[in-house]
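The lines below spell out each chain.
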Amino acid sequence: MGEWHIPDPVRERLEGAEPADILLGLVTFNDGATAPGLTRTLAEGITRAFPQRRVIVVNCDAGSQDGTPQSIQEKLEPEMQYWAFRHPVLGASLKVTSESGVPGREEAVRILAVLAEKLKVSACLVVDGNLKSSEPTWPQVLVEPILDKGVDCVLPWFRRNRYEGTLTNTLLAPLTGALYGKRVPYHLGGAYAFSGRFIRSILLLQPWDEGIALYGFDGWVTTLAVAEQVDVYRAGLGPRVQQGKPMGDLSSVVAQAVGCVFHLMERYQERWESVTSSVAVPTVGTPAGLGAEPGSINVHRMVAGFRQGLRDLLPLWQLILSAETFQQVLELGVEDTDTFRFPANLWVQVVYDFALAYHDRLLHREHLLKALTPLYLGYIASFVIGTRTQGVEYVERELARLNDHFETMKPYLVQRWRWSDE
Amino acid sequence: MSNVWGDAMMEAFRDMMKRMALLLPKLLALISFVLLGLVVGFVVKAILVRVLKAVRFDVFVERWGLQATLAKAGFKQPLSQIIGRAAFWTVFVIFAIMGVDALDLPATAGLMGQLVGFVPSVITAGLLLLVGILLSNFFAEAALIAAVNAQIQEARLIGGLVRWGILLFTAAMVLTQLGIAKEVVVAAFSILFGGVVLAVSISVGLGGRNIARDMLQRRWRKDKEERDEMAHL
């Protein structure tokens, strides 16, 4: 099960180690300001919720210079078992971006998964060390479905403002919902819980050195959870407050997140072709929903980005999009920003055409994914313009309508995918 | 006297017959080589085109943008057909030169040897050209997309500069490989490249310093004031 990937200190620690019931894994990098408090909160939460369970806390650190591992140990009770390792940072994962800010995060998660398997834990909790907004109830919310109901995977669901996570809300979530029949509204990770069975039979069998290292763990595991035949829950964890800035360079974020979904579409083709409807995965904890705050959004800049794409990337879009979709994109009126409208069904067509072009390798795949960015900006600008004067319920209804569009137009994708395979 | 005339006629006739007897087999060899060249050329072309179609060569060529580049250069046919045709003519020319060699003419002595000596350079130059075109398409596309996503207005100019820079470099390498006016090509490329760099430096340093300052200030202010704080993911 991938023993050759474990660093020597980890292998040495495992010799003669006692099994545990719950593994609390923390992934950190210079998180001395947040990780100790986070660990203490979660450890107390585990002890309170599962007093009879054997717990081990494992910190995988990328080489902090601020003494994060030591600070974490100081905050834990002496009787709490605590291991700290420095995980290697492989070249491939330096390109991957994540909200955790931890370089080589994928390698850290793999080590935690191997430890969980070796220690025969029933549940493994993986948390990013830069979270500030932790609650003592998180362990119970995340782990209880696994221990009591036999659930395989509990994904986080943080509360967001109405225009936060637009890439997730308008592309990743509706696309994966339409493909695999399970709607998961949050794809950014932060805190996961996995069963021992899920780790053994699915997670450790993934291509860590290629797939996960290229696309990042969060998108991979979220798509995996909905694509595989496993029980998935989502856990409402309240707002997400973290140390560090949001991920930068939008085109890289788009390429990584969307590329992950497109890549896995090829692997799970037989599964998603036959799915015709979707359901929301069961929820534990407080349902998140959308907050009312719009946040700071520069719609003019987004429309300008789309307009420039329309001017400079037209030859590429003509290659990628079907003739009908291309014609409709051309016809989008961009004279006046305030009346700019990008219809939802056209956006769905664009996404499906890009998925097909990715499958057919019409362009270098990274170029193709990055060429989607101006179109994404155009759709988001239109979405914001059309909903900013309305209440948050209106935004939620529009997103639900978008989900429906992805599902009703899925035969378009299936038919053209099969046609291109012939 | 009539005997001398008769002897002269006979001797001339015999000489002529002798020369014809020597030439005819060589002519026959030439015709045979030409016909063989046609047949082998067609066979090689057919096999090559079939193999390239079987490995979906044209699909890869289209993906790498090479087909579009060839179309702009006037080659509308698929590249597999072009390669097949090039293979046919190569084989035919080789056989034709063997036939010409068989004539044993002083002017064509050693022609085959010279041609065979030139072939590796031509193949290397062809490969260099192909790689150069592929790289220019790839990096031009990458530069264009990156510039558009960074909302740099001169995105197409940047993409074009990248493409033509690589193509010029490739052309210089191909001509050098073929040994065509090597010194002239190296000198011309150095002068052109150095001249472009010098011109850009002077124009930015002297003539465009105010514009450069304004652009940098605008970009810096834009980054500070207009960046969205929304998390897209």
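As a starting point, this report considers the structure included with it. A quick note: this is a predicted structure, and the numbers were derived from the prediction, not measured.

## Observations regarding the overall build of chain A
Piece 1. Helix and strand counts for chain A stand at 19 helices and 11 strands.
Piece 2. Its C-alpha atoms give chain A a radius of gyration of 22 Å, within 12% of the compact-globule value 22 Å for 422 residues.
Piece 3. Taken along the three principal axes of its C-alpha coordinates, chain A extends 65 × 50 × 40 Å.
Piece 4. In chain A, which comprises 422 residues, the share counted as buried stands at 61%.
Piece 5. Restricting the contact set of chain A to residue pairs at least 6 apart, pairs at least 24 apart contribute 84%.
Piece 6. Carbon and sulfur atoms make up 49% of the accessible area of chain A, which totals about 16400 Å².
Piece 7. On chain A, the mean spot of the 40 positive side-chain charges and the mean spot of the 49 negative ones are 2 Å from each other.

## Structural notes on the pairing of strand β8 (residues 232–239) of chain A
Residues and elements named next belong to chain A.
Piece 1. Counting buried residues along β8, six of its eight residues qualify, which places the element largely inside the surrounding structure.
Piece 2. As judged from the six bridges shared by strand β5 (residues 153–161) and β8, these two strands associate in the parallel manner. The residue bridging Leu155 from the neighbouring strand is Arg234, located in β8.
Piece 3. When β8 meets strand β10 (residues 283–285), the two strands line up parallel, connected through three bridges. Within β10, the position partnered with Ala235 by the bridge is Val284.

## Digging into the side chain of Glu228 of chain A
All names here are of chain A.
Piece 1. Examined against the element boundaries, Glu228 turns out to sit in the loop between α9 (217–227) and β8.
Piece 2. Relative accessible area serves as the criterion here: at 16%, Glu228 is assigned to the buried category.
Piece 3. When sequence neighbours within four positions are dropped, the list of residues in contact with Glu228 reads Lys182, Ile202, Arg267, Tyr268 and Arg271.

## Here we look at the pattern of salt bridges
All names here are of chain A.
Piece 1. If you walk through the whole model with that rule in mind, you get 16 salt bridges over all chains.
Piece 2. Between Asp8 and Arg11 there is a salt bridge, with the nearest N and O atoms lying 3.0 Å from each other. With a gap of three residues between them, Asp8 and Arg11 both fall in helix α1 (residues 8–14), about one helical turn apart.
Piece 3. In this structure Asp8 comes out as partly exposed when scored by relative accessible area, which is 48%.
Piece 4. A salt bridge links Arg105 to Asp128, with the shortest nitrogen-to-oxygen separation between them at 3.0 Å. Note that Arg105 is positioned in helix α4 (residues 105–118) and Asp128 in strand β4 (residues 123–128), a separation of 23 residues in sequence.
Piece 5. Residue class for Arg105 comes out buried when judged on its relative accessible area of 3%.
Piece 6. Taken together, the shared-partner salt bridges connect Arg105, Asp128, Asp218 and Arg240 into one network.

## A few points about the pairing of strand β3 (residues 81–86) of chain A
All names here are of chain A.
Piece 1. For strand β2 (residues 55–61) and β3, the ladder comprises six bridges, and the chain directions are parallel. Bridge pairing in β3 places Ile56 opposite Gln81.
Piece 2. In this region the chain leaves β2, passes through helix α3 (residues 68–75) and returns to the parallel neighbour β3; the handedness of that crossover is right-handed.

## Quick look at helix α6 (residues 155–178) of chain B
All names here are of chain B.
Piece 1. End to end, α6 covers 35 Å across 24 residues, agreeing with the expected 34 Å (1.5 Å per residue, within 8%).
Piece 2. Considered for burial, the residues of α6 that qualify are Ala155, Gly159, Thr170, Ala172 and Val174.
Piece 3. Of the residues one or two after α6, Gly179 is the one with positive phi, at around 75 degrees.

## A closer look at the interface of chain A and chain B
One frequently used descriptor of interface size is the decrease in accessible area upon assembly of the parts.
Piece 1. Each partner contributes to the interface: chain A provides 40 residues, whereas chain B provides 23 residues.
Piece 2. With both chains or domains summed, chain A and chain B bury close to 2800 Å², and 55% of this area falls on carbon and sulfur atoms.
Piece 3. A per-residue breakdown of the area chain A buries against chain B is headed by Arg301, Gln308 and His367 of chain A, which together make up 23% of the total.
Piece 4. Linking chain A with chain B are one salt bridge, by the criterion used here.
Piece 5. A salt bridge links Arg156 of chain B to Asp312 of chain A, with the shortest nitrogen-to-oxygen separation between them at 3.0 Å.
Piece 6. The tally of links from chain A across to chain B stands at nine residue pairs in polar contact (both at pLDDT 80 or more).
Piece 7. Put simply, the parts of the chain that give the side of chain A that touches chain B at least two residues each are α6 (166–180), α10 (250–267), α12 (299–312), α16 (365–370) and α17 (373–387) of chain A.

## Examining the nonpolar core
Note that soluble globular proteins tend to have their nonpolar side chains buried in a common cluster.
Piece 1. Core analysis: the largest hydrophobic core is formed by 164 residues, its most contacted members being Trp317, Trp347 and Phe354 of chain A.
Piece 2. By residue number, the principal contributor to this core is helix α15 (residues 344–360) of chain A, which donates 12 residues.
Piece 3. With five residues, the next largest nonpolar core counts Leu66, Leu70, Leu79 and Ile133 of chain B among its residues.

## With respect to the environment of Asp312 of chain A
Piece 1. Structurally, the position occupied by Asp312 of chain A is in helix α12.
Piece 2. A residue is classified by how much of its surface remains accessible, and Asp312 of chain A, at 3% relative accessible area, is buried.
Piece 3. Discounting chain neighbours no more than four positions away, the residues touching Asp312 of chain A are Leu144, Val148, Gln153, Ala155 and Arg156 of chain B.
Piece 4. At 3.0 Å, the side chain of Asp312 of chain A and the side chain of Arg156 of chain B are in polar contact.

## Points about the packing of α15 of chain A against α17 of chain A
All names here are of chain A.
Piece 1. The N-to-C vectors of α15 and α17 enclose an angle of 160 degrees; their axes lie 11 Å apart at closest approach. In terms of their interaxial angle, α15 and α17 are classed as roughly antiparallel. Relative to α17, the crossing made by α15 is left-handed. Facing Ala344, Trp347, Val350 and Phe354 of α15, the residues of α17 in contact are Leu375, Tyr376 and Tyr379.

## As for the packing of aromatic side chains
Residue and element names in this part refer to chain A.
Piece 1. Scanning all chains against the criterion turns up 27 aromatic pairs over all chains.
Piece 2. With centroids separated by 6.4 Å and ring planes inclined at 45 degrees, the aromatic side chains of Trp347 and Tyr376 adopt a geometry described as tilted. Of this pair, Trp347 sits in helix α15 while Tyr376 sits in helix α17, and the two are 29 residues apart along the sequence.
Piece 3. Here Trp347 falls in the buried class, since its relative accessible area comes to 0%.
Piece 4. Classification of Tyr376 by relative accessible area gives buried; the value is 0%.
Piece 5. Connected via pairs of aromatic rings, a cluster forms that spans Tyr163, Phe306, Trp317, Phe340, Phe342, Trp347, Tyr376, Tyr379 and Phe383.
Piece 6. Over the aromatic face of Trp157 sits the side chain of Arg234, whose NZ or CZ is 3.9 Å from the ring centroid.
Piece 7. Taking NZ or CZ as reference, Arg365 lies 4.0 Å from the ring centre of Tyr358, over its face.

## Quick look at α12 of chain A
All names here are of chain A.
Piece 1. Helix length check: α12, at 14 residues, gives a terminal C-alpha distance of 20 Å against a target of 20 Å (1.5 Å per residue), a fit within 8%.
Piece 2. Three or more residues of α12 are buried, namely Val299, Met302, Val303, Gly305, Phe306, Gln308, Gly309, Leu310 and Asp312.
Piece 3. Put simply, Asn298 is the residue that caps the front of α12, since its side-chain oxygen is 3.3 Å from the backbone nitrogen of His300.

The rules we used
Residues numbered from 1 in each chain as written. Chains lettered and ligands numbered in written order. Predicted model: local features only at pLDDT ≥ 70, side-chain atom pairs only at ≥ 80, totals over all residues. Heavy atoms only, no water. Helix = DSSP H or I, 4+ residues; strand = E, 2+ residues; numbered from the N terminus. Rg over C-alpha atoms; globule rule 2.2 N^0.38 Å. Buried < 20%, exposed > 50% of the residue type's maximum accessible area, 1.4 Å probe, protein only. Contact = heavy atoms within 4.5 Å. Areas by Shrake-Rupley, 256 points an atom, 1.4 Å probe, with all protein chains shown as cover. Lys, Arg positive; Asp, Glu negative; His and termini not counted. Charge placed at Lys NZ, Arg CZ, Asp CG, Glu CD. Pairing = 2+ DSSP bridges. Salt bridge = Lys/Arg side-chain N within 4 Å of Asp/Glu carboxyl O. Right-handed = clockwise from strand over helix to strand, strands pointing away. Expected span 1.5 Å × (residues − 1). Buried area = accessible area lost by both parts, 1.4 Å probe. Polar contact = N/O pair within 3.5 Å; in protein donor to acceptor, adjacent residues only side chain to side chain. Core = buried A, V, L, I, M, F, W, Y, C linked by side-chain atoms within 4.5 Å. Axes fitted to C-alpha atoms, helices over the stretch in contact; angles between N-to-C directions. Parallel < 35°, antiparallel > 145°, perpendicular 65-115°, else oblique. Left-handed = near helix turned anticlockwise from the far one by under 90°. Phe/Tyr/Trp six-rings, centres within 6.5 Å; stacked < 30°, edge-to-face > 60°. Lys NZ or Arg CZ within 6 Å of the ring centre and 35° of its normal.

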